[in-house]
Amino acid sequence: MAGAECCENPPTLSSSSGVGSVLEIGGFKAYVSAPSSSKLAILLVSDVYGYEAPNLRTLADKVAAAGYYVVVPDFLYGDPYNPENTEKPLSIWIQSHGTDKGFEDAKKVVAALKDKGISAIGAAGFCWGAKVVTDLAKSDYIQAAVQLHPSLVKVDDIKEVKAPIAILAAEIDRISPPELIKQFEEILSSKPEVDSFVKIFPSVKHGWTVRYNVEDKEAVQSAEEAHQHMLDWFTKYVK
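Residues numbered from 1 in each chain as written. Predicted model: local features only at pLDDT ≥ 70, side-chain atom pairs only at ≥ 80, totals over all residues. Heavy atoms only, no water.

A. Seen up close, the overall build of the protein. When you go through the protein residue by residue, the secondary structure sums to 7 helices and 8 strands. In terms of overall dimensions, the protein is globule-like: its C-alpha atoms have a radius of gyration of 16 Å, near the 18 Å expected for 239 residues. For the protein, the spread of C-alpha atoms along the three principal axes comes to 45 × 40 × 35 Å. When the 239 residues of the protein are sorted by exposure, 54% land in the buried category. Once local pairs closer than 6 in sequence are excluded, the contacts in the protein between residues at least 24 apart make up 71%. (Helix = DSSP H or I, 4+ residues; strand = E, 2+ residues; numbered from the N terminus. Rg over C-alpha atoms; globule rule 2.2 N^0.38 Å. Buried < 20%, exposed > 50% of the residue type's maximum accessible area, 1.4 Å probe, protein only. Contact = heavy atoms within 4.5 Å.)

B. Highlighting the nonpolar core. Counting residues in hydrophobic clusters, the biggest one holds 53 residues, and the most contacted among them are L43, V71, L113 and W128. Element by element, the count of residues in this core is highest for helix α3 (residues 99-115), at 6 residues. Apart from the residues within four sequence positions on either side, L113 is in contact with I25, A41, Y69, V71, I118 and I121. With 32 residues, the next largest nonpolar core counts A60, V72, F201 and L231 among its residues. (Core = buried A, V, L, I, M, F, W, Y, C linked by side-chain atoms within 4.5 Å.)

C. Up close: helix α6 (residues 178-189). Taking 1.5 Å as the rise per residue, α6 with 12 residues should run 16 Å; its terminal C-alpha atoms sit 16 Å apart, in good agreement. Buried within α6 we find P178, L180, I181, F184, I187 and L188. Buried residues along α6 sit against β6 (144-148), α5 (155-159), β7 (165-172) and β8 (196-205). (Expected span 1.5 Å × (residues − 1).)

D. Seen up close, the sheet that holds β6. In spatial order, the strands read β1-β2-β4-β3-β5-β6-β7-β8; together these 8 strands make up an open sheet with mixed pairing. Across the chains shown, the open sheet's two edge strands, defined by having one partner strand only, are β1 (21-25) and β8. Direction aside, neighbouring strands of the sheet carry axes that sit 25° apart on average. Examined bridge by bridge, β6 and β7 share 4 bridges and lie parallel to one another. By the bridge assignment for β7, Q147 is matched with I167. Contacts from helix α7 (residues 217-237) reach β3 (40-45), β5 (120-126), β6, β7 and β8 within the one sheet, and its direction differs from that of β8 by about 170°. (Pairing = 2+ DSSP bridges. Axes fitted to C-alpha atoms, helices over the stretch in contact; angles between N-to-C directions.)

E. Representation of the packing of helix α1 (residues 54-65) against α7 within the structure. Put simply, α1 and α7 touch, their axes get as near as 11 Å, and they point 40° apart. What the angle tells us is that α1 and α7 run oblique. In terms of crossing hand, the pair formed by α1 and α7 is right-handed. Side by side, α1 and α7 meet where L59, K62 and V63 of the first sit next to E224, H227, M230 and L231 of the second. (Parallel < 35°, antiparallel > 145°, perpendicular 65-115°, else oblique. Left-handed = near helix turned anticlockwise from the far one by under 90°.)

F. Here's a closer look at unusual backbone geometry. The residue H149 is not glycine, and still its phi comes out positive at about 35°. Relative to the helices and strands, H149 is located in the loop between β6 and α5.

G. Local environment of the UniProt feature "domain: Dienelactone hydrolase" (unreviewed entry) in the protein. UniProt's feature table lists "domain: Dienelactone hydrolase" (unreviewed entry) at residues 28-237, given in the numbering used throughout. Secondary structure within residues 28-237 divides into 38% helix and 22% strand; the distance between the first and last C-alpha atoms comes to 26 Å. (UniProt positions renumbered as here; feature names shortened; annotations may be inferred.)

H. Just the packing of aromatic side chains, in detail. Throughout the structure, instances matching the rule amount to 7 aromatic pairs. Each ring, one from F103 and one from Y141, has its centre 6.0 Å from the other, and the planes form 80°; the classification is edge-to-face. In this pair, F103 is assigned in helix α3 and Y141 in the loop between α4 (128-136) and β6, connecting sequence segments 38 residues apart. Note on F103: relative accessible area 15%, which makes it buried. Overall, Y141 belongs to the partly exposed group, its relative accessible area being 24%. Joined through ring pairs, the aromatic side chains of F28, F75 and Y77 make up one cluster. (Phe/Tyr/Trp six-rings, centres within 6.5 Å; stacked < 30°, edge-to-face > 60°.)

As structure tokens, then:
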């Protein structure tokens, strides 16, 4: 379940952050960072704070620098979760921002990328976005999936995964605690036809890969270690 931990360390959103630009893809506004000629795409699906989070855009730029056409769509329709809006707590907000809708929307973006001539797609999801990406990984929409501190992902979801999947989880996480992640790992290890990588990062909290303090060297280092694992996974399968 998505809970309070989903919302700790909210980012200061900025529509102008990042070196890329906001374009329309598949009917959605999306932050796009890309070398113009790449035929390999990476879809980054945000947490509840959406596509204007500066750390997420910085990560998109980093992935683009590795040669990918990176797309961060606004699947929250300009209405990211706002912890200061007491009239719309997370339990209410999530009712109109379900991951099932996110999955349907993501399929449209995947189709639009293929129409552009993209030949292979990887997808990474953060918290809320991890469930969307896991649903994509149940079919042939994408060539590789990465979950980062997942929310809302259940054991039954993992049983249906067909695409190579990496799960990067936090040791300190009430939403997807290490016990649940180890269940995911057991299921995946029983599916030899699905390549997988599972790592529980010690001493980090849910959200650490995108909601870190840029002034905190240790937090940045922990986030960057996860980012590298994500990139390595895409290098292996999105080609």
